[in-house]
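So you can see what is in the structure, the chains are spelled out below.
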Amino acid sequence: QVMLALWGLVAVAARPVCEPSGCGGAHALSACPLSTTAAADLVLTLSPTNLYFFNAAPHAVSINYVSEDGAEKPALRMASGTRQEVSALAGELWRARALRHGHPQDQQLMLEHHVGLVSLKDCDCPQPEFVDVSVQPRPAALAPC
């Protein structure tokens, strides 16, 4: 039994640690998204879903559909402070890019969103301390006046 317990500890220690972005945090090097080589991987569903974009940037943005071959196709342009709704299917990939003509950050990636897919990895993420909210805290003792 002792040998099995030690083997279990070795197996747990060998698991890779996730990148912060895989644990819900920002990428370690930058808070900006990094473009991937991902492409649309359509999943047939009964009905499309709606994506809602709000441009909080101080400049215009281009919302681009990424096709199955990885090519970006502009779907709409958004001025600063505007909202837009786009119909999308599960598996589609969308990117938002800055429109800052003549600026070094023109076409900078602002967002990459894979519709309906949640990627799960077998790696260790930092675990927050568990707090059982179903247990009522005891009132603190009142101090004498």
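Everything in this summary refers to the structure shown in the same document. Not measured: the values here are computed from a predicted model. (Residues numbered from 1 in each chain as written. Predicted model: local features only at pLDDT ≥ 70, side-chain atom pairs only at ≥ 80, totals over all residues. Heavy atoms only, no water.)

**Focus: the overall build of the protein**
Heads up, the rule is: We count a stretch as a helix when DSSP gives it H or I for four or more residues in a row; a strand needs E for two or more, and each element gets its number in order from the N terminus. Summary of the burial criterion: residues with accessible area below 20% of their type's maximum are buried, those above 50% are exposed, and those between are partly exposed, where the area comes from a 1.4 Å probe applied to protein chains only. The contact criterion used is simple: two residues touch if any of their non-hydrogen atoms lie within 4.5 Å. Computed with a 1.4 Å probe, the accessible areas rest on the Shrake-Rupley method; for each residue, only the protein chains presented here act as cover.
The helix and strand tally for the protein stands at one helix and six strands. The linear arrangement of helices and strands in the protein, starting from the amino end, is α-β-β-β-β-β-β. Looking at the protein residue by residue over its 145 residues, the buried ones come to 21%. Expressed as a percentage of contacts within the protein between residues at least 6 apart in sequence, the contacts between residues at least 24 apart total 63%. When the accessible surface of the protein is totalled, it reaches about 11100 Å², and 61% of it is carbon and sulfur.

**Overview of the sheet that holds strand 6 (residues 109-114)**
The following threshold applies: For two strands to be treated as a pair, DSSP must find no fewer than two bridges joining them. To define axes, lines are fitted to C-alpha atoms, for helices over the stretch in contact only, and angles between the resulting N-to-C directions are given on a 0 to 180 degree scale.
Taken in spatial order, the four strands line up as 3-2-5-6 in an open sheet, and their pairing is antiparallel. In this open sheet, the two edge strands, each paired with only one partner strand, are strand 3 (72-78) and strand 6. The mean angle between the axes of side-by-side strands here comes to 25 degrees, regardless of whether they run parallel or antiparallel. Looking at chain direction, strand 2 (residues 60-66) and strand 5 (residues 93-99) are connected through seven bridges and run antiparallel. Bridged to S62 within strand 5 is R97.

**Looking at the environment of G70**
Mapped onto the elements, G70 comes out in the loop between strand 2 and strand 3. As for G70 and L93, which are separated by 23 residues in sequence, their C-alpha atoms are 9.1 Å apart.

**So, the pattern of salt bridges**
Working definition: two side chains of opposite charge can pair if their charged atoms are close together. We count it as follows: Take a side-chain nitrogen of Lys or Arg and a carboxyl oxygen of Asp or Glu: if they are within 4 Å of each other, that pair is a salt bridge.
Within the structure shown, the criterion is met by three salt bridges. As a salt-bridge pair, E72 and R97 come within 2.8 Å of each other at their nearest N and O atoms. You can see E72 sitting in strand 3 and its partner R97 sitting in strand 5, a full 25 residues away along the chain. Given a relative accessible area of 26%, E72 falls into the partly exposed group. A salt bridge links E112 to R95; the nearest nitrogen and oxygen atoms lie 2.6 Å apart. On the criterion of sequence distance, the pair formed by E112 in strand 6 and R95 in strand 5 is long-range, its members being 17 residues apart. Since its relative accessible area comes to 22%, E112 is described here as partly exposed.

Read these as layout, nothing more, since geometry by itself doesn't imply function.
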